[in-house]
Amino acid sequence: MKYKAMTAFAALAISAPMLFAGGADDDTLSIDGEVMISKTAAPAHMAETGIDTIISGWHFREDDTQAMQTDTFDNPGMIAVDQAIDAWNTVEGTAEKSCASCHEGPESLAGVRAVYPKWNAEAGEMRTLAMQVNNCRTEQMGAEAYKYDGAQMTAMEALISVQSRGMPVNVAIDGPAAEYYEKGKEIYYTRYGQLELSCANCHEQNYGNYIRADHLSQGQINGFPTYRLKNAGLVQTHNRFRGCIRDTRAETFAVGSPEFIALEVYVASRGNGLSVEGPSVRQ
Amino acid sequence: MKLTGISAAVVIFATAAIANPITPGKVQFDDYGAIAASLSGVEGDAANGAKIMTNRGKGNCVACHAVTALSDALFHGEVGPTLDGIADYRSAEELRGIVANAKMTFEGSVMPAFYKTSGFIRPGDGYTGKGAKEENLTPILTAQEIEDVVAFLLTLKGS
């Protein structure tokens, strides 16, 4: 194992200068034979960014990482989906209900992942998928909320995402969502921390370029939760946001914070038109 | 208590004896972003500069810039221009200014400032993700490390 890793490392070093430059690859992403929309025209609201094509992070990864996502059985993130199916059918809380008591099978949530975060008019709040899951747990089931970015929540998000796999992301940014979009956009372009880096510095100005050994993507979140080989586990959107801001030598925002909810609305909307891929596999 | 006092005195004395570095807040940039005076007052060590440029915890310059002379270090980035031959068209003063705070030369540059300790948005305590007070921040590189990097860059002449 160690030897293999070393060899791969050496091979990469030798081939790096010529092979790697030049952005996203031209491969086609299909999962279990179903073709995903992994590159498409940028939504109209991105005209001011200068980006005309939005690209899934899958196109920036190496071939062996890409291959793991093309077959459900090779995708290590699917283990969590299986665990979440058990949780889905488990009765919890004072109301003695499970997810299945109201929603029947998880397939009834097809299309849900594609439109979150979503404004909840009744509650008068913007809800991420994690917030909606917890609202169901506390209000409908009388059960305890999951930790926002804990393993149970991330697995449940993966299960719900799989039901929308292939569907285009379609997060609303008008009406009551507009103020979240604007706030998220402001955060996206703010240069945080001692390194003074914004999301845009890497993911808008420099996607396709290498920063040391990291191939910068557009920072799309259509594949979340994502199985990161580096973490050997599923990583949730806010968790990834936190890691990125930390790496600018900044004080991060908390998962589930108003700042990250707004940032998620904004970043998700930059992927409007790309297929829901979660759980994806990344390096 | 006494010991601490003595140690502090020794440190202050030693620093003063070796050099008198210009603190980040006192650096004088000219209209084009260059810095005329050495930050440390001590000549740069090019060999150490090369180490700083490849060290991930220090300058990590190769994260963004390809440098043929540093090809022993793996994975050079593509975010900034190559630094090969940079001494042919940049002076020590210009290079010092760019390494210390590139935004004074190139407005809006992505490049972090390596000799700056104030004016940040939500500065953190290193890479912990926790907040830091501005008065506790240290520059990413010391005055001498900036001089060492500049000394190395001045060796990068075209073939």
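See the structure above.
Read on for an overview of the structure. None of these values were measured; they are calculated from a predicted model. (Residues numbered from 1 in each chain as written. Chains lettered and ligands numbered in written order. Predicted model: local features only at pLDDT ≥ 70, side-chain atom pairs only at ≥ 80, totals over all residues. Heavy atoms only, no water.)

**Concerning the overall build of chain B**
Okay, so step 1: Each helix and strand counted, chain B has 4 helices and 0 strands in total.
Okay, so step 2: Tracing chain B from N to C terminus, the helices and strands come up as α-α-α-α.
Okay, so step 3: Counting over 159 residues, chain B shows a buried share of 40%.
Okay, so step 4: Considering only contacts in chain B between residues 6 or more positions apart, those separated by 24 or more positions represent 54%.
Okay, so step 5: For chain B, the exposed surface amounts to about 8,800 Å²; the carbon and sulfur share of it is 58%. (Helix = DSSP H or I, 4+ residues; strand = E, 2+ residues; numbered from the N terminus. Buried < 20%, exposed > 50% of the residue type's maximum accessible area, 1.4 Å probe, protein only. Contact = heavy atoms within 4.5 Å. Areas by Shrake-Rupley, 256 points an atom, 1.4 Å probe, with all protein chains shown as cover.)

**Focus on the environment of Gln205(A)**
Okay, so step 1: Note that Gln205(A) resides in the loop between helix 9 (199-203) and strand 7 (210-211).
Okay, so step 2: Taking the C-alpha atoms as reference, Gln205(A) lies 9.9 Å from Leu216(A); in sequence the two are 11 residues apart.
Okay, so step 3: In this structure Gln205(A) touches Ala200(A) and Val110(B), once residues within four positions along its chain are discounted.
Okay, so step 4: Within the structure, the side chain of Gln205(A) is placed 2.7 Å from the side chain of Asn201(A), a separation counted as a polar contact. (Polar contact = N/O pair within 3.5 Å; in protein donor to acceptor, adjacent residues only side chain to side chain.)

**Observations regarding the nonpolar core**
Okay, so step 1: Membership of the largest hydrophobic core comes to 49 residues, with the highest contact counts inside it found for Met156(A), Leu263(A) and Val267(A).
Okay, so step 2: Those elements that place two or more of their residues in this core are helix 3 (78-88), helix 6 (129-141), helix 7 (151-162), helix 8 (178-188), helix 10 (237-246) and helix 11 (258-269) of chain A.
Okay, so step 3: Each residue touching Val267(A), except ones within four places of it in the same chain, is listed here: Tyr188(A), Gly219(A), Gln220(A), Ile221(A) and Phe241(A).
Okay, so step 4: Membership of the second largest hydrophobic core comes to 30 residues, among which are Leu195(A), Leu95(B), Leu141(B) and Leu153(B). (Core = buried A, V, L, I, M, F, W, Y, C linked by side-chain atoms within 4.5 Å.)

**A short note on the sheet that holds strand 9 (residues 226-228) of chain A**
All names here are of chain A.
Okay, so step 1: Taken together, 3 strands build an open sheet; the order of strands is 10-9-11 and the sheet is mixed. With partners counted over all chains shown, the strands left at the sheet margins are strand 10 (233-235) and strand 11 (280-282), one partner each. Taking each pair of neighbouring strands and ignoring which way they run, the sheet shows an average axis angle of 40°.
Okay, so step 2: Both strand 9 and strand 10 contribute to a ladder of 3 bridges, which runs antiparallel. (Pairing = 2+ DSSP bridges. Axes fitted to C-alpha atoms, helices over the stretch in contact; angles between N-to-C directions.)

**Overview of a negative patch on the surface**
Okay, so step 1: A cluster of acidic residues, Asp27(A), Glu62(A), Asp63(A) and Asp64(A), forms a negative patch on the protein surface.
Okay, so step 2: Tracing the chain through its elements places Asp27(A) in the loop between helix 1 (2-19) and strand 1 (30-31). (Patch = residues over 30% accessible without salt bridge, like charges linked within 9 Å, V, L, I, M, F, W, Y side chains within 5 Å. Salt bridge = Lys/Arg side-chain N within 4 Å of Asp/Glu carboxyl O. Lys, Arg positive; Asp, Glu negative; His and termini not counted. Charge placed at Lys NZ, Arg CZ, Asp CG, Glu CD.)

**Details of the state of the cysteines**
Okay, so step 1: Under the counting rule described, the total for this entry stands at 0 disulfides over all chains.
Okay, so step 2: The closest cysteine sulfur to the non-disulfide-bonded Cys64(B) is located on Cys202(A), 7.6 Å from its own sulfur.
Okay, so step 3: On the basis of relative accessible area, Cys64(B) is assigned to the buried category, the value being 18%. (Disulfide = S-S within 2.5 Å.)

**Some remarks on the environment of Tyr181(A)**
Okay, so step 1: With respect to the helices and strands, the residue Tyr181(A) is situated in helix 8.
Okay, so step 2: Excluding its chain neighbours within four sequence positions, the residues that come into contact with Tyr181(A) are His45(A), Ile173(A), Val265(A), Tyr266(A) and Ser269(A).

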